[in-house]
Amino acid sequence: MKKSIVLSGIQPSGKLSIGNYLGALRQWIEMQDNYNCQYCIVDLHAISIRKNPKELNKNIFDTLAICLSSGIDPKKSSLFIQSHIPEHTQLSWLLNCYTQIGELKRMTQFKDKSQCYNNVNAGLFNYPVLMAADILLYGAHKVPVGNDQKQHLELARNIAIRFNNIYSQNNPIFTIPKAYTPKINGRVMSLQNSAKKMSKSDHNHKNIITLLDEPKTILKKINQAQTDLDKPPRIIYEADKKPGISNLMSLYSAATGKTFTEIETQYQNTELYSPFKTDVAEAIISMLEPIQIEYKRVRKDYSYLNSVMRDGAKKASILASKTLKKVYEAVGFIVPNFK
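As the structure is a computational prediction, the values presented were derived from the model and not from experiment. (Residues numbered from 1 in each chain as written. Predicted model: local features only at pLDDT ≥ 70, side-chain atom pairs only at ≥ 80, totals over all residues. Heavy atoms only, no water.)

Colleague: A description of the overall build of the protein should follow, citing residues and the corresponding values.
Modeller: Counting secondary structure elements, the protein contains 13 helices and 5 strands. For a compact globule of 339 residues, the expected C-alpha radius of gyration is about 20 Å, and the protein comes in at 21 Å, within 12% of that figure. Overall size of the protein, expressed as C-alpha extent along the three principal axes, is 75 × 45 × 45 Å. Counting all 339 residues of the protein, 47% fall into the buried class. Long-range contacts, defined here as pairs at least 24 residues apart, represent 73% of the contacts in the protein between residues at least 6 apart. Of note, the protein has its 45 positive side-chain charges centred 6 Å away from the centre of its 29 negative side-chain charges. (Helix = DSSP H or I, 4+ residues; strand = E, 2+ residues; numbered from the N terminus. Rg over C-alpha atoms; globule rule 2.2 N^0.38 Å. Buried < 20%, exposed > 50% of the residue type's maximum accessible area, 1.4 Å probe, protein only. Contact = heavy atoms within 4.5 Å. Lys, Arg positive; Asp, Glu negative; His and termini not counted. Charge placed at Lys NZ, Arg CZ, Asp CG, Glu CD.)

Listed below in structure tokens is the structure:
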């Protein structure tokens with residue numbers, strides 16, 4: 001029996017955080033044995049916000065090394081750089097012609113981001129179509145997404161259904177993807193503002209813990225993290241009433257495997273929040289230590305990193321080229337065969 005295909009991508013747009021690890025990378029690792037996994041570093045998406053070229057180049061290598069250090073096995077999964085597969089941009093243009101402007105105008109992420117940046121370019125407006133191309137190229141059955149990306153996945157589904165209805169009702173060209181949402185730790189919140197998601201692009205570095213933060217930095221950030229004014233302190237999971245403590249409990253649970261009930265029992269007689277915060281920090285430090293050790297080794301090995309990129313692109317191209325050929329034939333293009 002063929003394994004279901006999973007497609008997921010991560011932007012090389014800054015230092016990856018524990019939010020990226022718990023909400024994405026750890027899910028990627030767990031899915032490798034049960035799915036045909038296509039994992040890409042989406043550098044094309046990254047330039048919808050203008051980047052310094054040297055910094056972007058470094059971030060791509062950093063992100064690749066983090067993926068490998070976290071446990072992505074290139075023998076089990078296709079791990080590749082998005083721009084190394086030209087079919088992404090080729091299919092994206094085609095799908096533009098089957099996407100309504102009104103659909104793109106309704107994308108809430110564009111509305112939010114366009115208010116934060118001066119450089120509001122067509123790429124920022126149009127990148128959900130490129131995301132649809134990413135997904136549909138590989139016939140993905142499942143796409144790991146957080147709540148902020150569900151709207152984009154729904155657009156990809158609509159485009160796929162529209163194209164299939166026009167050209168291939170009896171033998172659909174595009175697989176209609178479904179969301180894969182992790183049961184826990186799918187959304188890690190900012191340390192000092194629990195109302196918003198932890199983001200690697202946050203300009204306030206106190207809000208995030210990166211995967212490469214030193215132990216003393218992690219301890220300092222957790223000690224400064226938002227709690228509440230309850231007296232005496234109550235360490236209980238109530239996301240609406242105690243978002244700061246609930247966020248720290250989520251991090252502690254993810255790092256130790258303890259349930260919220262076990263954590264509440266462990267700290268039911270606490271008189272201060274500081275011992276709990278210290279324990280959270282130490283648990284995160286222990287969770288990240290093996291990743292950091294492996295990262296320092298892998299990041300220096302350019303020969304290995306280049307071989308992973310090359311082999312990943314070869315594997316991904318096999319699926320991508322087959323899909324694009326079907327699309328070309330469906331719309332009436334002449335499929336190139338210049339040998």
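From this point, the discussion proceeds with the structure in view.
Colleague: Explain the packing of aromatic side chains residue by residue, including any values.
Modeller: Within the structure shown, the criterion is met by 12 aromatic pairs. With 5.9 Å between their ring centres and 85° between their planes, Tyr252 and Phe276 make a pair best called edge-to-face. In this pair, Tyr252 is assigned in helix 10 (residues 243-256) and Phe276 in helix 12 (residues 274-298), connecting sequence segments 24 residues apart. Neither residue differs from the other here; Tyr252 and Phe276 are each classed as buried. Ring pairing ties together the aromatic residues Tyr98, Phe163, Tyr167 and Phe174, which thus form one cluster. (Phe/Tyr/Trp six-rings, centres within 6.5 Å; stacked < 30°, edge-to-face > 60°.)

Colleague: Can you break down the nonpolar core residue by residue, with the values?
Modeller: With 57 residues, the main nonpolar core has Leu25, Ile222, Leu251, Phe276, Ile284 and Leu288 as its most contacted residues. Element by element, the count of residues in this core is highest for helix 12, at 10 residues. Apart from the residues lying within four places of it in its own chain, the contact partners of Leu288 are Ile18, Ile209, Thr210, Leu211 and Ile218. Counting 40 residues, the second-largest nonpolar core is a separate cluster that includes Phe80, Leu94, Phe110 and Ala156. (Core = buried A, V, L, I, M, F, W, Y, C linked by side-chain atoms within 4.5 Å.)

Colleague: Can you lay out the side chain of Ser70 for me, pointing to particular residues and giving the numbers?
Modeller: Its location among the elements puts Ser70 in helix 3 (residues 53-70). By relative accessible area, which is 10% here, Ser70 ends up buried. Only 2.8 Å separates the side chain of Ser70 from the backbone oxygen of Ile66, close enough to count as a polar contact. Apart from residues lying up to four places away in sequence, Ser70 is in contact with Tyr21, Leu25, Ile29 and Ile291. (Polar contact = N/O pair within 3.5 Å; in protein donor to acceptor, adjacent residues only side chain to side chain.)

Colleague: So what about the environment of Phe276? Which residues, and what values?
Modeller: Accessibility expressed as a relative area gives 0% for Phe276, which makes it buried. Separated by 10 residues in sequence, Phe276 and Gln266 place their C-alpha atoms 9.6 Å apart. Among residues more than four places away in sequence, those in contact with Phe276 are Ile235, Ile245, Leu248, Met249, Tyr252, Ile263 and Tyr267.

Colleague: I'd love a proper account of the environment of Tyr267, names of residues and values included.
Modeller: With respect to the helices and strands, Tyr267 occurs in the loop between helix 11 (260-266) and helix 12. A C-alpha to C-alpha distance of 8.2 Å links Tyr267 and Arg234, two positions 33 residues apart in sequence. Those residues in contact with Tyr267 that sit more than four places away from it in its chain are Ile235, Tyr252, Phe276 and Asp279.

Colleague: Outline the packing of helix 10 against helix 12, supporting the account with residue identities and numerical values.
Modeller: Two elements in contact, helix 10 and helix 12, have axes separated by 9 Å at closest approach and are oriented at 40°. Put simply, helix 10 runs oblique to helix 12. Handedness of the crossing formed by helix 10 with helix 12: left-handed. In contact with Ile245, Leu248, Met249, Leu251, Tyr252, Ala254, Ala255 and Thr256 of helix 10, helix 12 contributes Phe276, Lys277, Asp279, Val280, Ala283, Ile284 and Met287. Looking at the contact of helix 10 with helix 12 residue by residue, the classes come out as 12 nonpolar, 1 polar and 2 charged. (Axes fitted to C-alpha atoms, helices over the stretch in contact; angles between N-to-C directions. Parallel < 35°, antiparallel > 145°, perpendicular 65-115°, else oblique. Left-handed = near helix turned anticlockwise from the far one by under 90°. Nonpolar A, V, L, I, M, F, W, Y, C, P; charged D, E, K, R; others polar.)

Colleague: Any details on the pairing of strand 2 (residues 36-41)? Residues and values, ideally.
Modeller: By the criterion of burial, strand 2 is predominantly enclosed, with 5 of the 6 residues buried. In this structure, strand 1 (residues 5-10) lies alongside strand 2, joined through 6 bridges in parallel fashion. The partner of Ser8 across the bridge, within strand 2, is Tyr39. Relative to strand 3 (residues 78-81), strand 2 is paired through 4 bridges, and the arrangement is parallel. Bridge pairing links Gln38 to Ser78 in strand 3. (Pairing = 2+ DSSP bridges.)

Colleague: Which residues make up the pattern of salt bridges, and what values go with them?
Modeller: Under the defined criterion, the tally for this structure stands at 10 salt bridges. Across the salt bridge formed by Lys58 and Asp62, the nearest N and O atoms sit 2.6 Å from each other. Of the two residues, Lys58 and Asp62 are both situated in helix 3; the distance of 4 residues between them amounts to about one turn of the helix. What makes Lys58 partly exposed here is its relative accessible area of 46%. Between Asp62 and Arg299 there is a salt bridge; the shortest N-O distance is 2.6 Å. With Asp62 in helix 3 and Arg299 in the loop between helix 12 and helix 13 (302-331), this pair connects stretches of sequence that are 237 residues apart. Each of the two residues, Asp62 as well as Arg299, counts as buried. Linked through salt bridges whose partners overlap, the residues forming this network are Lys58, Asp62 and Arg299. (Salt bridge = Lys/Arg side-chain N within 4 Å of Asp/Glu carboxyl O.)

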